Structures are given as C-alpha cells and as structure tokens.
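# Results of the structural survey
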Amino acid sequence: MNAAYDVAIVGSGFSGSLLATILADRGRRVALIDRQKHPRFAVGESSTPLADAILRHLGEQYGRPDWVNLSAYGSWKDTMPAVSCGLKRGFSYYRHHRQQPYRDSQGHDSSLLVAASRSDEAGDTHWYRPDVDHYFHQQAIKAGVSDLTGWQISGLDTASPHQIGLHDVRHDHQQSITADWLIDASGPAAAVARLLDRRPLAQPIRTRTSSTWMHVKGLPAWSDWLCRHDIGCDDDPFDADAAAVHHVLDQGWIWCLRFDNGITSVGWTSPGETLHGSLRSTIDDYPSLNELFSGATRCTEIYQAESFQRRFDPVLGPRCLMTPTAAFTLDPLHSTGIAVGLAGVARLADLILNQGDQPSALDQYRRLIQTEFLWLDDFVGTAYSVMPDFSRFSAACQWFMLAAIACEEQIQRSGFDCHRCLYSADNTAMRDVMRGGNRDLRGPLMTAKVTELLRRSALPFNTAGLFDPDVANRFAYTATKS
Ligand SMILES: Cc1cc2nc3c(=O)[nH]c(=O)nc-3n(C[C@H](O)[C@H](O)[C@H](O)COP(=O)(O)OP(=O)(O)OC[C@H]3O[C@@H](n4cnc5c(N)ncnc54)[C@H](O)[C@@H]3O)c2cc1C
C-alpha cells in the first residue's frame, strides 16, 4: 500500500484532529497517524477564556457548531453530556507550609482567587482528554480523514512529496504513504523533528521544572474542606474547587482539576532538573492535603517528566511544520497549552489552505511561535522563582493575568486574528512594561514595594481591577466571558 495524501498529520490529540477535520472539510486528502488508539490518557486539561475564545472562533470560521458549544461549560453540558468535562470558574491558589495545617487570615494572605467567567453557564472547562480527544478524532474520521491510529511514524524521506514509513507496533506491519504536507502534531514526543535528527534550540530557557501526574477518584472538594475547618469562603467569587486549584508548597505546587465524572486530575510540579520524591510523599508533608487526599484512590498510571522544557524550530522544511505544542513544551503553570495548541490549528489551517509554503508565511509562523514561547517563559519562569513568597507569587500571577486579559479583550473587540501573538506578546505598548515588571519581581526590592510598582505600572491596562488591595485577594471582576 502506498496511499497518496495532501496532508499527513502525526499525532491525533486535539491539535492534530481539529486540523485534520478543517482540512478534510475543505476537500484535502488527510491521513491522521497516531501510535495510540483512542480513547487514551493525555495531560493538559485546564482550558481558559483565551482557549475557549479560539475554539469558538474555529467553530464559527469553519462551520463546526459543536466546537462553539464546547467553548463554554453550559452549552457543553447541554449538547454533549457524554463527553466528560469539569467546571472551571477561574484560578484558585492556597499556600501551605510543611508540617502545618492550612490557615488563612481575614485578609486572605495565604490564598488568591481570580474569576475567569461570570457564571457557571459561561464558565471554562477542564477537558477530560480521553473523551475530548476521542470525540475530536471521531469527528475527523467522519469528515473523511484516513484513520491511521495504531501506527507509529518510523521512517521519513523529505523529498517532495514526503515519503512516510509507518509501523504497526502491535502486529508488526509496515506501510508507507506519501503526502505533500507533513505536520508534526505529536506533542512532547516531537516525533517528526526527532526522526529528522533535529535538536532542540540551544538558547537558555528560564523555566526549569519537573512534574508527576495522574487521575484519582474520590477526592473531596477543597471548598468543602475549607468550610468544614471554618476557613471563611463567604467572599469567594466562585466555588474554589470549580477552578484550577493550585496548592502552593514550600517547593512547587500541586494542581487539582475536577471532572464531573468523579475523576480528578492531580499533579505536582516543582522547580529543578529532577523531582524530589513522589506526589504521595509530598502530600504526606502537608497535613491538610494529607487529610484531603486520605480517601482518594489512583485510577491511572503515574506519569512523570523531568526537566521537560525545550523548544524546536517549528519549520522543519518548506511543507514540513510542527504544531506549537510539538515545537515547545513549557509548563502547566498558567494553563497556556490548550490556547497555544488551538492557535496553532488556526495558523496551520491558514497556511495550508491559503498561504502555501511561501518563505514569508513560514517565517511569520516561526516568529509567532518563538515570540510566544519566550514571552510565556518569562512569566512562568519568574513565577517559579518567587513562588516561596506567596505575596510575590500572587503578584506574579496577577501580572501574567494582565497580559492574558488584554489579549482576551482584544479578541472580544476585533475577533481572533491568527497572525497576531497570544497573551499580548506583540502588544508594543505592554511589552516593555511587562518584561520590566517580571525583572522587578525577580529583583531585590521588598515584596510590598514591587507589588505597588506593578500596581502603578499596570494602570493603563488594568481593566480587571487586579492588584486592588481592598478586595483581599478575591478578584471577581476579571471576567471577560459574560
Ligand atoms: C504536566 C503537564 C501539564 C499540563 N497542563 C496543562 C493545562 O492545565 N492546561 C493547558 O492548557 N495545557 C497544559 N499542558 C500542555 C498540554 O498538555 C499540551 O498543550 C496539549 O496536550 C497538546 O495537545 P496536542 O493535541 O497538541 O498533543 P498531544 O495531546 O500531546 O498529542 C500528541 C499525540 O501524538 C502521538 N504520538 C507521539 N509520538 C508519536 C509517534 N512517534 N508516531 C505517531 N504518533 C505519535 C501521541 O500518541 C499523542 O496522541 C500541560 C503539559 C504538561 C507536560
């Protein structure tokens, strides 16, 4: 068999499957290759207003109303209840101290809640990726995409068209296909780049962390735990558990993302080249978390990645490109991966359908991805460097949210433009201010002084009232999702 395709996509996560669907809907012959079959586990589950805005845009632009429905919790649950998700009303952060029960003050010195939507209906979602990616993959197949899941890319000749060798690992079969375009959508595996012997770019990366993660069942809600222990939640703008919950520790942080199917995604990320201990031993050091997790049972494997930050040049050849989520891996902090992945879908669809392989279009694709990576790395790396000081970390999170909200508002005003950078990375008015703020956060000034400096520098952009000392770390007005 030597089938000929217009586009071969390696990786059928949401990025690969959405791109495949768009191209097949427009008459392209598409092969979607994946070494795994769906449903399969994947990490990267917490969506954001920005991710949802891009998904909505893709649905509207490419005539896929189901994608529009999946861009908000209410319409998702109404129209696709069989595809599991969880409600995400915002971001919540709690600072725990080793061997001490969790405590907070009246002014919430140990916690931060930032709303991202005004109602559950309009809320963002945690994507239960086994279901979500399976659903997107099925849509791609229905659109006429050739299903090559269960096949791993094993050989590649980049002549035009690309000659692609595939290997069915379970049955030890081989086949080859040809394709004019080859897209590496294999996520952190960067399978095509590695097959071509490309190396990650050598430039330094500020963020250096390691992670371990899994799914658990039977984890009680953190907001219930707070109420049971009389730790006031009366002024919380949303249920603190219906959020990306960050338990900030002496070293690193634990995320909890609750799905509606009784499963919760849990992971621990700590700064450094290696993980010091397991998630279990980390939880054991924090009495309140120990109590919270006492009834939870693991329901997946334990996954782990150490020092996983890296970036490739996303242009592997004139018609051989990487999705942004294959070209770079940064970190779970700030939940940027789904938005970055969806923007990649929009850009690659535009390139393949409209622009072709003109050098200027490829250069622009490269520039957008590299600029976003460096920008996000500055925010994420800075947040880790100040994490042990919760007030400073809280300022670093709000500082990032300014950039995210400015981008969301820009999209609300003028629509999503795939030729612009995400997170305001190409906003000339903000760029130097934001970079300067990150430098101040990492610098020697006292935290109160830095926070005041940031508050003042933020004034021209701060439509959401961040850094307002009067609201005691409870930000209800950040919502750009009505
Ligand atoms: C620990 C961690 C936590 C994260 N948390 C978040 C979060 O909360 N929010 C967020 O927005 N982002 C998060 N991210 C980022 C997020 O995981 C990614 O952006 C997202 O998964 C990318 O999806 P994708 O469809 O591009 O690729 P993937 O979902 O990675 O899919 C790639 C596919 O390629 C296939 N593949 C790999 N190698 C081969 C091969 N050789 N041949 C054939 N197929 C192959 C794989 O089987 C897989 O199905 C996180 C990342 C990490 C590492």
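This structure is a prediction, so every number in the text was calculated from the model and none was measured.

## Some details on the nonpolar core
Counting 113 residues, the largest nonpolar core has I9, L342, F393 and Y423 as the members making the most contacts within it. The dominant element in this core, judged by the number of residues it contributes, is helix 13 (residues 390–414), at 15 residues. Ignoring sequence-local partners within four residues, the contact set of F393 consists of Y93, V248, L333, A383, V386 and M387. Formed by 29 residues, the second largest nonpolar core is a distinct cluster that contains A115, C256, Y286 and L292.

## Examining the pattern of salt bridges
For the coordinates displayed, the defined rule picks out 23 salt bridges. A salt bridge links D133 to R40, with the nearest nitrogen and oxygen atoms 2.9 Å apart. In this pair, D133 is assigned in helix 5 (residues 129–142) and R40 in the loop between strand 2 (30–34) and helix 2 (49–61), connecting sequence segments 93 residues apart. As far as the burial class goes, D133 and R40 line up, both buried. With its nearest N and O atoms 3.5 Å apart, the salt bridge here joins D197 to R199.

## Here's the deal with the packing of helix 13 against helix 14 (residues 428–442)
Interaxial distance between helix 13 and helix 14 falls to 10 Å at its minimum, and their mutual angle equals 170 degrees. Taken together, the axes of helix 13 and helix 14 lie roughly antiparallel to each other. Counting all contacts with helix 13, which are made through R392, A395, A396, W399, L402, A403 and A406, the residues of helix 14 involved are M430, V433, M434, G437, N438, D440 and L441.

## Comments concerning the site of the ligand
Around the ligand lies a shell of 32 residues, among which S15, D34, R129, T325 and I338 are the nearest. Here D34 contributes a side-chain N or O atom positioned 2.7 Å from an oxygen atom of the ligand. Within the complex, 91% of the 1,000 Å² of free accessible area of the ligand lies under protein. Every element with two or more residues in the shell around the ligand is listed here: helix 1 (14–25), strand 8 (151–157), strand 11 (209–217) and helix 11 (337–355). Residue composition of the shell around the ligand, grouped by class: 13 nonpolar, 14 polar and 5 charged. Each of domain 1 (4–77 + 128–200 + 316–358) and domain 2 (85–125 + 204–305) accounts for three or more of the residues forming the shell around the ligand.

## Examining the domain arrangement of the chain
For the chain, the assigned domains are domain 1 (4–77 + 128–200 + 316–358), domain 2 (85–125 + 204–305) and domain 3 (363–475). Here the C-alpha centroids of domain 1 and domain 3 sit 29 Å apart. Counting residues at the interface gives 26 residues for domain 1, matched by 26 residues for domain 3. At the boundary of domain 1 with domain 3, total buried surface from both sides reaches about 2,200 Å², with 74% on carbon and sulfur atoms. Our count for the domain 1 to domain 3 interface comes out at 1 salt bridge. E372 is the partner of R347 in a salt bridge, and the nearest nitrogen-oxygen pair spans 2.6 Å.

## Describing unusual backbone geometry
Each neighbour pair has its own omega, and for H38 with P39 the value is -5 degrees, a cis peptide bond. For P39, the position within the fold is in the loop between strand 2 and helix 2. The step from S160 to P161 runs through a cis peptide bond, and the omega angle for that step is -5 degrees. Relative to the helices and strands, P161 resides in the loop between strand 8 and strand 9 (162–168). Despite not being glycine, H334 has its phi angle at roughly 75 degrees, a positive value. The backbone of A472 shows a phi angle near 50 degrees, a positive value even though the residue is not glycine.

## Quick word on the packing of aromatic side chains
Under the defined criterion, the tally for this structure stands at 19 aromatic pairs. Plain terms: the ring middles of Y93 and F393 are 5.9 Å apart, the flat faces sit at 80 degrees to each other, and that makes the pair edge-to-face. You can see Y93 sitting in strand 4 (residues 90–95) and its partner F393 sitting in helix 13, a full 300 residues away along the chain. Residue classification places F393 among the buried residues on the basis of a relative accessible area of 1%.

## Let's talk about the environment of G165
Relative to the helices and strands, G165 is located in strand 9. Along the chain, G165 and N2 lie 163 residues apart, while their C-alpha atoms are 9.7 Å from each other.

## Description of the packing of helix 2 against helix 11
With their axes 8 Å apart at the nearest point, helix 2 and helix 11 run at an angle of 25 degrees to one another. Comparing their axes, helix 11 and helix 2 come out roughly parallel. In this structure, helix 2 meets helix 11 at a crossing whose hand is left-handed. Every residue of helix 11 that contacts helix 2 at L50, A51, I54, L55 and L58 is listed here: I338, A339, L342, A343, V345 and A346. Its residues assigned to classes, the contact of helix 2 with helix 11 comprises 11 nonpolar, no polar and no charged.

What counts, and where the lines are drawn
Residues numbered from 1 in each chain as written. Predicted model: local features only at pLDDT ≥ 70, side-chain atom pairs only at ≥ 80, totals over all residues. Heavy atoms only, no water. Core = buried A, V, L, I, M, F, W, Y, C linked by side-chain atoms within 4.5 Å. Buried < 20%, exposed > 50% of the residue type's maximum accessible area, 1.4 Å probe, protein only. Helix = DSSP H or I, 4+ residues; strand = E, 2+ residues; numbered from the N terminus. Contact = heavy atoms within 4.5 Å. Salt bridge = Lys/Arg side-chain N within 4 Å of Asp/Glu carboxyl O. Axes fitted to C-alpha atoms, helices over the stretch in contact; angles between N-to-C directions. Parallel < 35°, antiparallel > 145°, perpendicular 65-115°, else oblique. Near = heavy atom within 4 Å. Polar contact = N/O pair within 3.5 Å; in protein donor to acceptor, adjacent residues only side chain to side chain. Areas by Shrake-Rupley, 256 points an atom, 1.4 Å probe, with all protein chains shown as cover. Nonpolar A, V, L, I, M, F, W, Y, C, P; charged D, E, K, R; others polar. Domains from an automatic or database assignment. Buried area = accessible area lost by both parts, 1.4 Å probe. Phe/Tyr/Trp six-rings, centres within 6.5 Å; stacked < 30°, edge-to-face > 60°. Left-handed = near helix turned anticlockwise from the far one by under 90°.

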